[in-house]
Amino acid sequence: MSIHRNAITLNGSLQGRGAGGGVAMCAGSDNYLVSQNFICGNFNLGDGGGIGHLGLSTPGQIEFNQILFNQTFNQGLNRSGGGIAIAGEPPAAPAALTLGAGNVTVDANLIQGNQAGSGHGGGIRTQRVNGRDVELSPQEINWYQVTITNNMIVNNVAGWSGGGISLQDTAVSSILFNTIANNDSTATVGALLDEPNATTPKPAGISSERHSPGLDAVLPSGGQSRRGFSNPDLAQNIVWHNRAFSYDATTGPPRLVPVLDQTAVGDCPAGAEYWDLGVLDPGFELKPRFSILTVATGDNISEDPQFLSEYCNGARVLRVPDAGTTMQVASEVTEGGNFIDVRFGPLTPFGNYHIADTSPAVNPCGGGALASVDHDFDNEGRPPEQPDWGADEVPYLLGGVVDYSSGAFGGVLIGTTATLTITATVSVAPVTFFSSTDPAAPFAKTADTCAGTTVPVGGTCTFTVTFSPTSGTTSSGSFDVFNDALCSPQTVDLSGKGIGGVVTFSSGAFGEVTIGTTATLTITATV
């Protein structure tokens, strides 16, 4: 089944337990494709304001759509997935497991300005993806999984958590090469009121939750990375400036905190609290790699991604007395927190989240390419070496790539010197080599045929390195190579271990010796 090249706008669903204000994919919609549609301004009292996938349908593909300004909101129920909801059906009995959702890929969509007003996942929500599939097979390859790639997930709003993406009971998922920026969580769901008329902030960019007890019980004990909570493979994304607000109506009019004042539509005022990644339950942690984050650790970086044009959500009317010019809260305090609605703007296509050619996301040093992601948001090819991070690939900036052979010497006899030739191989574009540094003892570089040469694609040059161990310890070292290739200077790592000599002894057997006599035997030690 294919749904493609349609304008799906201004529709509504009043079935609080259904899915999909604009498009609904219900159980049995196997092999579906939702592609190149304009899905805008739809509303749902259930899950999925723009697109709702409910029940077991596999596989499914949602690609190259514009999913804009759709909303889920339900005064009495927590309903999620302002842009897209992917969910298995609730189990038939409380102690049973869901049949799951099936394998679904969400690729190269613009998911912008959507709102899950009473739940999770302003942009995308996945829930009950796994259940019986895990119970029936201990092999992860047989479990349903959600793959989220190349999407621009921007300026969405969630009333609970995960303005960009929210995951629940999703044992296997991948979030790769996405731009997830300027999404907001508002903590305006009634269940969050921890004191009269006030809440605390929740994760705003990507949010995850603890597995349900039933799913966690059937996950195999050997799959520790899949147990406990929805733990996606997170790599090569831009997750940037996702804002976490709280709700306060203790004094004065209801408002979001911090109160931010815009001077123009789309301004991003100072004073925001950013929360890019988080798990709602304590004791768990999302672990992104090779990504741009607002606050970075490990092999991630924290640098301005240089979007061509970004904006922040704010009030629909620029000047609102006594409430600042941030997103506005309409609430009915007598409803016990069940009716808190957040109004925000602009509600027209705005901004451009492609990256400048000077962005740190262009040809970054780390991560490599993933064979399954060979294109970007615009369906332009991603190179096999050094793809850009985030949804957008800047194709024409790719330079030469240098790969080095191993610098591992292995075991070398103490007091001797071993020699190793390290080969540099050039691919993609010619590389001009300038110079290289010297490693520290017990390593030494004795020759460099690369410096001062331009090596063509497929060509090689070499470095000669020695290792002279003086003890039986393991040694490590490195030297840097400067050139005009990507990631210059590259560091070549060296390692080796000193080992002692081997001693063998001749026989110590005397044989038969006459009683009362003395026999002499020479035992020879050979090294």
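Residues numbered from 1 in each chain as written. Predicted model: local features only at pLDDT ≥ 70, side-chain atom pairs only at ≥ 80, totals over all residues. Heavy atoms only, no water.

Counting its secondary structure elements, the protein contains two helices and 46 strands. Here the C-alpha radius of gyration of the protein, 30 Å, is well above what a compact globule of 527 residues would show, namely 24 Å. Taken along its principal axes, the extent of the C-alpha atoms in the protein is 115 × 65 × 50 Å. Burial analysis of the protein (527 residues in total) assigns 51% to the buried set. Considering only residue pairs separated by 6 or more positions, the protein has 75% of its internal contacts joining residues 24 or more positions apart. Accessible surface, the protein: about 22000 Å² in total, of which carbon and sulfur atoms supply 53%. Side chains of the protein give 20 positive and 46 negative charges; the mean places of these two sets differ by 8 Å. (Helix = DSSP H or I, 4+ residues; strand = E, 2+ residues; numbered from the N terminus. Rg over C-alpha atoms; globule rule 2.2 N^0.38 Å. Buried < 20%, exposed > 50% of the residue type's maximum accessible area, 1.4 Å probe, protein only. Contact = heavy atoms within 4.5 Å. Areas by Shrake-Rupley, 256 points an atom, 1.4 Å probe, with all protein chains shown as cover. Lys, Arg positive; Asp, Glu negative; His and termini not counted. Charge placed at Lys NZ, Arg CZ, Asp CG, Glu CD.)

Here we take up the sheet that holds strand β38 (residues 418-427). Judged by pairing direction, the sheet is antiparallel, and its four strands sit side by side in the order β36-β38-β42-β40 without closing on themselves. Lying at the two open borders of the sheet, with one neighbouring strand each, are β36 (401-404) and β40 (443-448). On average, each strand axis in the sheet is inclined to that of its neighbour by 25 degrees, with strand direction left out of account. (Pairing = 2+ DSSP bridges. Axes fitted to C-alpha atoms, helices over the stretch in contact; angles between N-to-C directions.)

The next subject is the pairing of strand β39 (residues 431-436). Here β39 runs beside strand β41 (residues 454-455); their pairing, made up of two bridges, is antiparallel. Across the sheet, residue Val431 finds its bridge partner in β41, namely Val455. Two elements, β39 and strand β43 (residues 474-483), share three bridges in a ladder whose sense is antiparallel. Along β43, the bridge assignment pairs Ser435 with Phe482.

The next subject is the sheet that holds strand β19 (residues 157-158). The strand order across the open sheet formed by seven strands is β3-β7-β11-β15-β19-β23-β27, and the pairing between neighbours is parallel. Looking at the sheet topology across the chains shown, the edges are occupied by β3 (12-13) and β27 (243-244). As judged from the two bridges shared by strand β15 (residues 115-116) and β19, these two strands associate in the parallel manner. Directly across from Gln115, in β19, lies its bridge partner Val157.

Chemically, a disulfide is nothing more than a covalent bond linking the sulfur atoms of two cysteines. Using the criterion set out here, one finds three disulfides in the structure. Across a sulfur-sulfur distance of 2.1 Å, Cys268 and Cys312 are joined as a disulfide pair. The sign of the 105 degrees torsion about the S-S bond sets the Cys268-Cys312 disulfide as right-handed. Of the two residues, Cys268 sits in the loop between β29 (255-257) and β30 (277-279) while Cys312 sits in the loop between β32 (307-309) and β33 (328-331), which places them 44 residues apart along the sequence. With a relative accessible area of 38%, Cys268 lands in the partly exposed category. Disulfide pairing is shown between Cys365 and Cys487; the S-S distance is 2.0 Å. (Disulfide = S-S within 2.5 Å.)

Below, the discussion takes up the pattern of salt bridges. In this structure the tally under the stated criterion is nine salt bridges. Here Glu135 ties to Arg132 by a salt bridge, and the two come within 2.7 Å at their closest N and O atoms. Of the two residues, Glu135 and Arg132 both sit in helix α1 (residues 132-136), three residues apart, roughly one turn of that helix. You can call Glu135 partly exposed: its relative accessible area is 40%. For Glu140, the salt bridge is made with Arg226, and the minimal N-O distance between the two is 3.0 Å. On the criterion of sequence distance, the pair formed by Glu140 in the loop between α1 and β17 (146-149) and Arg226 in the loop between α2 (213-218) and β25 (233-235) is long-range, its members being 86 residues apart. One continuous salt-bridge network, built from bridges that share partners, spans Glu140, Arg226 and Asp233. (Salt bridge = Lys/Arg side-chain N within 4 Å of Asp/Glu carboxyl O.)

The omega angle of the peptide bond from Thr58 to Pro59 is -10 degrees, so this bond is cis rather than trans. With an omega dihedral of 0 degrees, the bond running from Gly345 to Pro346 counts as a cis peptide bond. Counting through the fold element by element, Pro346 comes out in the loop between β34 (340-343) and β35 (352-355). Backbone geometry at Asn31 places phi at a positive 60 degrees, although glycine is not the residue there.

So, about the pairing of strand β16 (residues 124-127). Here β16 shows no split at all, with Ile124 and Thr126 on one side and Arg125 and Gln127 on the other all buried. Inspection of the sheet shows β16 paired to strand β20 (residues 165-168) by four bridges, in the parallel sense. Residue pairing for β20: Gln127 is matched across the bridge by Gln168.

With respect to the helices and strands, Ser291 occurs in the loop between β30 and β31 (292-293). What makes Ser291 buried here is its relative accessible area of 1%. In terms of polar contacts, Ser291 uses its side chain to reach the backbone amide nitrogen of Asn237, at 3.0 Å. (Polar contact = N/O pair within 3.5 Å; in protein donor to acceptor, adjacent residues only side chain to side chain.)

Note that Ser309 resides in strand β32. Classification of Ser309 by relative accessible area gives partly exposed; the value is 34%. Between the C-alpha atoms of Ser309 and Tyr353, which are 44 residues apart in sequence, the distance is 6.2 Å. Residue contacts for Ser309: discarding those within four places in its chain leaves Gly351, Asn352 and Tyr353.

With that settled, the discussion passes to the packing of aromatic side chains. Considering all chains together, one arrives at eight aromatic pairs under this definition. Ring centres 5.9 Å apart and planes at 40 degrees place the aromatic pair Phe409 and Phe443 in the tilted group. Here Phe443 lies in strand β40 and Phe409 lies in strand β37 (residues 408-413), a separation of 34 residues in the sequence. Relative to Phe467, the ring of Phe443 has its centre 4.9 Å away and its plane inclined at 20 degrees; by these criteria the two rings are stacked. With Phe443 in strand β40 and Phe467 in strand β42 (residues 460-467), this residue pair connects regions lying 24 residues apart in the sequence. Comparing Phe443 with Phe467 shows no difference in burial state: the two are buried. Taken together through their ring pairs, the aromatic side chains of Tyr404, Phe463 and Phe479 make up a single cluster. (Phe/Tyr/Trp six-rings, centres within 6.5 Å; stacked < 30°, edge-to-face > 60°.)

As for its position among the elements, Thr179 is in strand β22 (residues 179-181). Note on Thr179: relative accessible area 1%, which makes it buried. Engagement of the side chain of Thr179 in a polar contact is seen with the backbone nitrogen of Ala391, the distance being 3.0 Å. If sequence neighbours within four positions are ignored, Thr179 has contacts with Asn151, Met152, Ile153, Val154, Ile238, Phe307, Gly390 and Ala391.

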